[in-house]
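Listed below are the residues making up each chain.
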Amino acid sequence: MLNKWIIRNATIVTSSGEFIGDVAVENSFISQIGSGISGCFKKEIDAQGKRLLPGLIDPHVHFELPVGGRVSSDDFYSGTKAAVQGGITTVIDFTTPFPGMSLCESLNERIECLKKSVIDVALHVTVCGWSKKKEAEIDACIHRGATSFKFFTAYEESGRRTSYEDLFEAASTISKHDGVMLIHAEDQSALISADRLKSDSFSMYESSRPPKAEELAINRMAVIQKETGTRVYIVHLSSEIGLTSAGRSELLLETCPHYLILDSSKYLENEGYRYGVAPPLRDKQNQKALWNALSHGKIHTIGTDHCYFDVRIKDDAGDHFT
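A short tour of the structure in this document, coming up. (Residues numbered from 1 in each chain as written. Predicted model: local features only at pLDDT ≥ 70, side-chain atom pairs only at ≥ 80, totals over all residues. Heavy atoms only, no water.)

## A closer look at unusual backbone geometry
Step number 1: In the segment running from Ala 278 into Pro 279, the intervening peptide bond is cis, with an omega of 0°.
Step number 2: Mapped onto the elements, Pro 279 comes out in the loop between helix H8 (257–261) and helix H9 (284–295).
Step number 3: Here Tyr 155, not a glycine, exhibits a phi torsion of approximately 65°, which is positive.
Step number 4: The topology assignment puts Tyr 155 in the loop between strand S11 (148–152) and helix H4 (164–176).
Step number 5: Residue class for Tyr 155 comes out buried when judged on its relative accessible area of 14%. (Helix = DSSP H or I, 4+ residues; strand = E, 2+ residues; numbered from the N terminus. Buried < 20%, exposed > 50% of the residue type's maximum accessible area, 1.4 Å probe, protein only.)

## Focus: H9
Step number 1: With 12 residues, H9 should reach 16 Å at 1.5 Å per residue; the first-to-last C-alpha distance of 17 Å fits that figure.
Step number 2: For H9, every residue scored as buried is listed here: Asn 286, Gln 287, Ala 289, Leu 290 and Ala 293. The buried residues of H9 occupy an angular sector of 160° when the element is viewed end-on, so they sit on one face. Facing away from the buried side of H9, by more than 90 degrees, are the exposed residues Lys 284, Lys 288 and Ser 295.
Step number 3: Residues of H9 that are buried sit in contact with helix H7 (240–246), strand S14 (252–255) and H8.
Step number 4: The N-cap of H9, judged by a side-chain oxygen 3.2 Å from the amide nitrogen of Gln 285 a few residues on, is Asp 283.
Step number 5: Within two residues after H9, Gly 297 carries a phi angle of roughly 70°, on the positive side. (Expected span 1.5 Å × (residues − 1). Arc of directions from axis to C-beta. Contact = heavy atoms within 4.5 Å. Polar contact = N/O pair within 3.5 Å; in protein donor to acceptor, adjacent residues only side chain to side chain.)

## Examining the sheet that holds strand S13 (residues 231–234)
Step number 1: On the basis of which strands lie adjacent, the open sheet formed by eight strands has the order S6-S9-S10-S11-S12-S13-S14-S15 and parallel pairing. In this open sheet, the two edge strands, each paired with only one partner strand, are strand S6 (56–58) and strand S15 (301–302).
Step number 2: Of the strand pairs in this sheet, S14 and S15 are connected by two bridges, and their pairing is parallel. Within S15, the residue paired with Thr 255 across the bridge is Ile 302. (Pairing = 2+ DSSP bridges.)

## Quick look at a nonpolar patch on the surface
Step number 1: Residues Phe 19, Ile 30 and Ile 33 make up a contiguous nonpolar surface patch of about 290 Å² in total accessible area.
Step number 2: Position of Phe 19 relative to the elements: it lies in strand S2 (residues 17–26).
Step number 3: With relative accessibility at 33%, the residue Phe 19 sits in the partly exposed group. (Patch = residues over 30% accessible without salt bridge, like charges linked within 9 Å, V, L, I, M, F, W, Y side chains within 5 Å. Areas by Shrake-Rupley, 256 points an atom, 1.4 Å probe, with all protein chains shown as cover. Salt bridge = Lys/Arg side-chain N within 4 Å of Asp/Glu carboxyl O.)

## Some thoughts on the layout of surface pockets
Step number 1: Considering only enclosed or pocket space, the second largest pocket measures out at about 490 Å³ in volume.
Step number 2: Along the wall of the second largest pocket there are 18 residues; nearest its centre are Ile 7, Leu 52, Leu 53, Pro 54 and Gly 55.
Step number 3: The set of elements that each furnish at least two residues to the lining of the second largest pocket consists of strand S1 (4–14), S2, strand S3 (29–34) and strand S5 (51–52).
Step number 4: Top element by residues in the lining of the second largest pocket is S1. It accounts for four residues.
Step number 5: By residue class, the composition of the lining of the second largest pocket is 12 nonpolar, four polar and two charged. (1 Å grid on protein atoms, 1.4 Å probe; cavity = no way out; pocket = protein on both sides within 12 Å on 5 of 7 lines; lining within 4 Å. Points joined across faces, edges and corners; volume = space filled by probe spheres on them. Nonpolar A, V, L, I, M, F, W, Y, C, P; charged D, E, K, R; others polar.)

## Some points on helix H3 (residues 133–144)
Step number 1: For H3, built from 12 residues, the straight-helix expectation of 16 Å at 1.5 Å per residue is met to within 8% by its first-to-last C-alpha distance of 17 Å.
Step number 2: Residues of H3 that are buried: Lys 134, Glu 137, Ile 138, Cys 141 and Ile 142. Down the axis of H3, the buried side of the element spans an arc of 145°, and every buried residue falls inside it. For H3, the exposed residues lying more than 90 degrees away from the buried face are Lys 133, Ala 136 and His 143.
Step number 3: Buried positions along H3 lie against helix H2 (103–113), strand S10 (120–126), S11 and H4.
Step number 4: A positive phi of about 105° marks Gly 145, the residue just after H3.

Take a look at the structure:
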């Protein structure tokens, strides 16, 4: 009885619906779900009026991420501790390959960081560019248990971009293993450099990364998905036009809380640089379209894209989206 306890009168949420009932736990495992469960329990929790959900999965986080000469402020201890406070019991982070590092080497390096986690963690493998040798590297990662691979259609200046021709080759390789291809979908050709704008102030940030960039990249990925049969997952969908371009395709779509809750008017505030995300925040019309798509099952997941930078780091960087 020492390790036996029960939650009573909760609104239990399952994949098929909700019902009011009890959940009994014994030796850290759910032993029974039902109504009016009898027995002797060391601890009873009355959850009347509260919802009881399974542990949530956040499919998109960035702990200890090196970027722009800085490192995101949450490590795998503080980040996972925060996650579990919000009911998230599994997160999926990413490898961070450095120049000259193989995919397996980046996987091994990142696995060492996971030891600080207080919850379950999985990893997507980040792939920068493409070459024939990466086919063997993907095969090796698959055998290690990593089955999802992230690519970029932007960030050419940092060497992260993969061309659409190479993405087709990569998709064909991944499909052989029934893996998943994650895509940061912003077409490089539609991005506008800061020197073509009035300034690199965040008031100009959305103009530098317009929704058109998302639309173009998603259109190309829909074709690649159809021709290769690969499971393609679009991360951080931000716009109505991007949503429309996915249309009747088989693309899997993710959006994020910041696109559902915040809008681009934040960039006009005095400290608008504190809201820097990529793709940028959009206007309320785009926000409304995302909510509508969620309610109709057209968006498949919500991932936080959690990449926390302390406000002091943001203030130090200042009002420069570059």
